[in-house]
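Structural overview
Take a look at the letters that make up each chain.
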Amino acid sequence: MIKINRKILNQLHKDEADIGLLQKRFDERGNQTDEFIKITSEVNADSFTEKEKESLKKLFNRFNQQQQKIQEAFTYILEESKGRLNDAIKTNKAEKSYKLLKR
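Below is a summary of the structure that appears in this document. Small disclaimer: the values here were computed from a predicted structure and weren't measured.

The subject of this paragraph is the overall build of the chain. In terms of regular secondary structure, the chain is built from 3 helices and 0 strands. Counting from the amino terminus, helix and strand elements in the chain follow one another as α-α-α. In terms of C-alpha radius of gyration, the chain reaches 22 Å, well past the compact-globule figure of 13 Å for 103 residues. The principal-axis extents of the C-alpha atoms in the chain amount to approximately 80 × 20 × 20 Å. Taken across its 103 residues, the chain has 14% of its residues classed as buried. Partitioning the contacts of the chain with sequence separation of at least 6, the portion at a separation of at least 24 is 71%.

See below:
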(Lines give C-alpha, C1' and ligand atoms only; values in the text may rest on other atoms or scores of the structure.)
Protein backbone atom coordinates (compact mmCIF):
# COMPACT_ATOMS: atom_id res chain seq x y z
CA MET A 1 0.00 0.00 0.00
CA ILE A 2 2.90 2.32 0.70
CA LYS A 3 4.26 1.81 -2.82
CA ILE A 4 0.85 2.52 -4.30
CA ASN A 5 0.54 5.69 -2.20
CA ARG A 6 3.96 6.78 -3.48
CA LYS A 7 2.78 6.23 -7.07
CA ILE A 8 -0.38 8.24 -6.34
CA LEU A 9 1.66 11.09 -4.87
CA ASN A 10 4.03 11.08 -7.85
CA GLN A 11 1.07 11.29 -10.21
CA LEU A 12 -0.55 14.11 -8.21
CA HIS A 13 2.64 16.18 -8.35
CA LYS A 14 2.71 16.12 -12.14
CA ASP A 15 1.42 19.16 -14.01
CA GLU A 16 -1.12 16.99 -15.82
CA ALA A 17 -2.12 14.03 -13.67
CA ASP A 18 -3.45 10.98 -15.52
CA ILE A 19 -6.94 10.57 -14.04
CA GLY A 20 -7.31 7.03 -15.39
CA LEU A 21 -4.03 5.98 -13.82
CA LEU A 22 -4.99 7.63 -10.52
CA GLN A 23 -8.28 5.73 -10.54
CA LYS A 24 -6.40 2.49 -11.18
CA ARG A 25 -4.00 3.19 -8.29
CA PHE A 26 -6.85 4.02 -5.91
CA ASP A 27 -8.63 0.83 -6.94
CA GLU A 28 -5.44 -1.16 -6.28
CA ARG A 29 -5.07 0.52 -2.91
CA GLY A 30 -8.69 -0.24 -2.04
CA ASN A 31 -8.22 -3.90 -2.96
CA GLN A 32 -5.05 -4.15 -0.90
CA THR A 33 -6.75 -2.42 2.04
CA ASP A 34 -9.62 -4.91 1.87
CA GLU A 35 -7.11 -7.79 1.77
CA PHE A 36 -5.18 -6.29 4.70
CA ILE A 37 -8.38 -6.03 6.77
CA LYS A 38 -9.26 -9.62 5.95
CA ILE A 39 -5.83 -10.90 6.93
CA THR A 40 -5.55 -8.85 10.11
CA SER A 41 -9.00 -9.93 11.28
CA GLU A 42 -7.80 -13.55 11.12
CA VAL A 43 -4.56 -12.95 13.03
CA ASN A 44 -4.23 -12.69 16.79
CA ALA A 45 -2.25 -9.50 17.51
CA ASP A 46 -0.87 -11.06 20.69
CA SER A 47 1.06 -13.54 18.56
CA PHE A 48 3.33 -10.76 17.24
CA THR A 49 6.69 -10.11 18.81
CA GLU A 50 7.46 -6.60 20.04
CA LYS A 51 9.77 -6.11 17.05
CA GLU A 52 6.99 -7.12 14.64
CA LYS A 53 4.52 -4.83 16.41
CA GLU A 54 6.96 -1.91 16.20
CA SER A 55 7.60 -2.61 12.53
CA LEU A 56 3.87 -2.69 11.78
CA LYS A 57 3.37 0.50 13.75
CA LYS A 58 6.08 2.27 11.72
CA LEU A 59 4.55 1.08 8.45
CA PHE A 60 1.09 2.19 9.54
CA ASN A 61 2.43 5.61 10.55
CA ARG A 62 4.17 5.92 7.18
CA PHE A 63 0.92 4.99 5.43
CA ASN A 64 -0.93 7.65 7.45
CA GLN A 65 1.69 10.28 6.59
CA GLN A 66 1.35 9.45 2.91
CA GLN A 67 -2.42 9.63 3.18
CA GLN A 68 -2.10 13.10 4.70
CA LYS A 69 0.18 14.16 1.84
CA ILE A 70 -2.33 12.81 -0.69
CA GLN A 71 -5.11 14.78 1.00
CA GLU A 72 -2.95 17.92 1.00
CA ALA A 73 -2.18 17.44 -2.69
CA PHE A 74 -5.88 17.10 -3.50
CA THR A 75 -6.66 20.22 -1.45
CA TYR A 76 -3.95 22.15 -3.29
CA ILE A 77 -5.18 20.93 -6.68
CA LEU A 78 -8.75 21.88 -5.77
CA GLU A 79 -7.74 25.37 -4.66
CA GLU A 80 -5.65 25.88 -7.80
CA SER A 81 -8.55 24.71 -9.96
CA LYS A 82 -10.93 27.09 -8.19
CA GLY A 83 -8.50 29.95 -8.81
CA ARG A 84 -8.17 29.11 -12.50
CA LEU A 85 -11.94 28.77 -12.83
CA ASN A 86 -12.49 32.16 -11.18
CA ASP A 87 -9.89 33.72 -13.48
CA ALA A 88 -11.58 32.17 -16.51
CA ILE A 89 -14.99 33.47 -15.37
CA LYS A 90 -13.59 36.99 -14.91
CA THR A 91 -11.89 36.86 -18.31
CA ASN A 92 -15.09 35.63 -19.94
CA LYS A 93 -17.12 38.43 -18.32
CA ALA A 94 -14.54 41.01 -19.38
CA GLU A 95 -14.59 39.73 -22.97
CA LYS A 96 -18.38 39.84 -23.07
CA SER A 97 -18.39 43.39 -21.69
CA TYR A 98 -15.79 44.43 -24.24
CA LYS A 99 -17.82 42.96 -27.08
CA LEU A 100 -20.94 44.77 -25.88
CA LEU A 101 -19.05 48.09 -25.71
CA LYS A 102 -17.54 47.48 -29.13
CA ARG A 103 -20.98 47.34 -30.81
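Here Gly83 lies in helix H3 (residues 50-102). On the accessibility criterion, Gly83 (29% relative accessible area) is partly exposed. Between the C-alpha atom of Gly83 and that of Arg6, which follows or precedes it by 77 residues, the distance is 27 Å.

Before going further, it helps to spend a moment on a positive patch on the surface. A contiguous patch of positive charge on the surface is contributed by Lys3, Arg6, Lys7, Lys24 and Arg62. It is helix H1 (residues 2-12) that provides the largest number of residues to the positive patch, a total of 3 residues. You can see Lys7 is positioned in helix H1. Here Lys7 falls in the partly exposed class, since its relative accessible area comes to 43%.

Most often, soluble globular proteins have nonpolar side chains that are buried together. Counting residues in hydrophobic clusters, the biggest one holds 7 residues: Ile4, Ile8, Leu9, Leu12, Leu22, Ile70 and Ala73. Those elements that provide at least two residues to this core are H1 and H3. Top contributing element to this core by residue count: H1, with 4 residues. Setting aside chain neighbours within four positions, we find Ile8 in contact with Leu22, Arg25, Phe26, Arg29 and Ile70.

Position of Gln66 relative to the elements: it lies in helix H3. Discounting residues that sit within four places of it in the chain, Gln66 has contacts with Ile2, Asn5, Arg6 and Leu9.

Taken together, the buried positions of H1 are occupied by Ile2, Ile4, Asn5, Ile8, Leu9, Gln11 and Leu12. Those residues of H1 that are buried lie in contact with helix H2 (19-42) and H3.

Parameters at a glance
- Residues numbered from 1 in each chain as written.
- Predicted model: local features only at pLDDT ≥ 70, side-chain atom pairs only at ≥ 80, totals over all residues.
- Heavy atoms only, no water.
- Helix = DSSP H or I, 4+ residues; strand = E, 2+ residues; numbered from the N terminus.
- Rg over C-alpha atoms; globule rule 2.2 N^0.38 Å.
- Buried < 20%, exposed > 50% of the residue type's maximum accessible area, 1.4 Å probe, protein only.
- Contact = heavy atoms within 4.5 Å.
- Patch = residues over 30% accessible without salt bridge, like charges linked within 9 Å, V, L, I, M, F, W, Y side chains within 5 Å.
- Areas by Shrake-Rupley, 256 points an atom, 1.4 Å probe, with all protein chains shown as cover.
- Salt bridge = Lys/Arg side-chain N within 4 Å of Asp/Glu carboxyl O.
- Lys, Arg positive; Asp, Glu negative; His and termini not counted.
- Charge placed at Lys NZ, Arg CZ, Asp CG, Glu CD.
- Core = buried A, V, L, I, M, F, W, Y, C linked by side-chain atoms within 4.5 Å.

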